[in-house]
Amino acid sequence: MSSDKKARPGAYLLATSHPLADCPLHAAFVAVGGKWKLTILYWLAREPHHFSGLLRRVAPISHKVLTEQLRELEADGLVERMVAGPVPAPVQYRLSGYGETVLPLVEEARIWGLAHLQRMRGPGPAPSKAALGCGDALGK
């Protein structure tokens, strides 16, 4: 990944000489993989958020990591950054039209994760919906 603070389009793509450069699964993982991106996309699918709102929703993510993840998602065209007004402007983040195409993947990952939690914990009460609050289905 680039260490450039201002992510430009394509900044996080692999060089074509990389052995997995043409692998669709690897391309998907580069775009939405990692510890936080699916959770960020989940919350942005529900409604646009200010940075501080996302920071609370995705806690315990750090300020630095959330900034990096949002820049990467923006560079890949999945998230839009909307500036409203003069500096210091309130900024909101929302899914782009292209970002909405990844929502079936986010929802399937959420459903699979729920089934995996139940399998690993055995029969018993359902997992708490309080865990990052992402137990609810994405419905539009």
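Treat the numbers as computed from the prediction; the structure is a model and nothing was measured.

Q: Could you give an account of the packing of helix α2 (residues 37–46) against helix α5 (residues 103–121), with specific residues and numbers?
A: The contact between α2 and α5 brings their axes to 10 Å, and the two run at 115°. One element, α2, and the other, α5, form an angle in the roughly perpendicular class. For α2 against α5, the interelement crossing comes out left-handed. Between α2 and α5, the residues in contact are L38, L41, Y42 and A45 and L103, V106, A109 and R110, respectively. In terms of residue class, the contact of α2 with α5 is made up of seven nonpolar, no polar and one charged.

Q: Run through the pairing of strand β3 (residues 91–95), naming residues and quoting values.
A: Taking every second residue as pointing to the same face, the buried face of β3 carries V91, Y93 and L95, while none of Q92 and R94 on the other face is buried. The pairing of strand β1 (residues 49–50) with β3 spans two bridges and is classified as antiparallel. Paired with H49 across the strands is Y93, a residue of β3. As judged from the five bridges shared by strand β2 (residues 79–83) and β3, these two strands associate in the antiparallel manner. When the sheet's bridge partners are listed, R81 is paired in β3 with Y93.

Thresholds, definitions, all that
- In every chain, residue numbers begin from 1 and rise along the written sequence.
- Local features in this predicted model are restricted to residues of pLDDT 70 or higher, and side-chain atom pairs are both shown and tallied only at a pLDDT of 80 or more, whereas totals for entire chains, interfaces and linings draw on every residue.
- Each side-chain value is worked out from all heavy atoms of the structure, with water and hydrogens disregarded.
- Note on geometry: axes are lines fitted to C-alpha atoms, helical ones only across the stretch in contact, with angles between N-to-C directions running from 0 to 180 degrees.
- Put simply, DSSP H or I for four residues or longer makes a helix, DSSP E for two residues or longer makes a strand, and each gets a number counted from the N terminus.
- Working rule for angles: under 35 degrees goes down as roughly parallel, over 145 as roughly antiparallel, 65 to 115 as roughly perpendicular, anything else as oblique.
- By the definition used in this description, the sense in which the near helix is turned from the far one sets the handedness, with an anticlockwise turn below a right angle giving left-handed and a clockwise turn giving right-handed.
- Contact definition: two residues touch when any of their heavy atoms are within 4.5 Å.
- Gly is placed with the polar residues, together with every amino acid not listed as nonpolar (Ala, Val, Leu, Ile, Met, Phe, Trp, Tyr, Cys and Pro) or charged (Asp, Glu, Lys and Arg).
- Residue burial is assigned from relative accessible area. The probe radius is 1.4 Å, only protein chains are included, and a residue is buried under 20% of its type maximum, exposed over 50%, and partly exposed in between.
- Strand pairing is assigned whenever DSSP identifies at least 2 bridges connecting the two strands.

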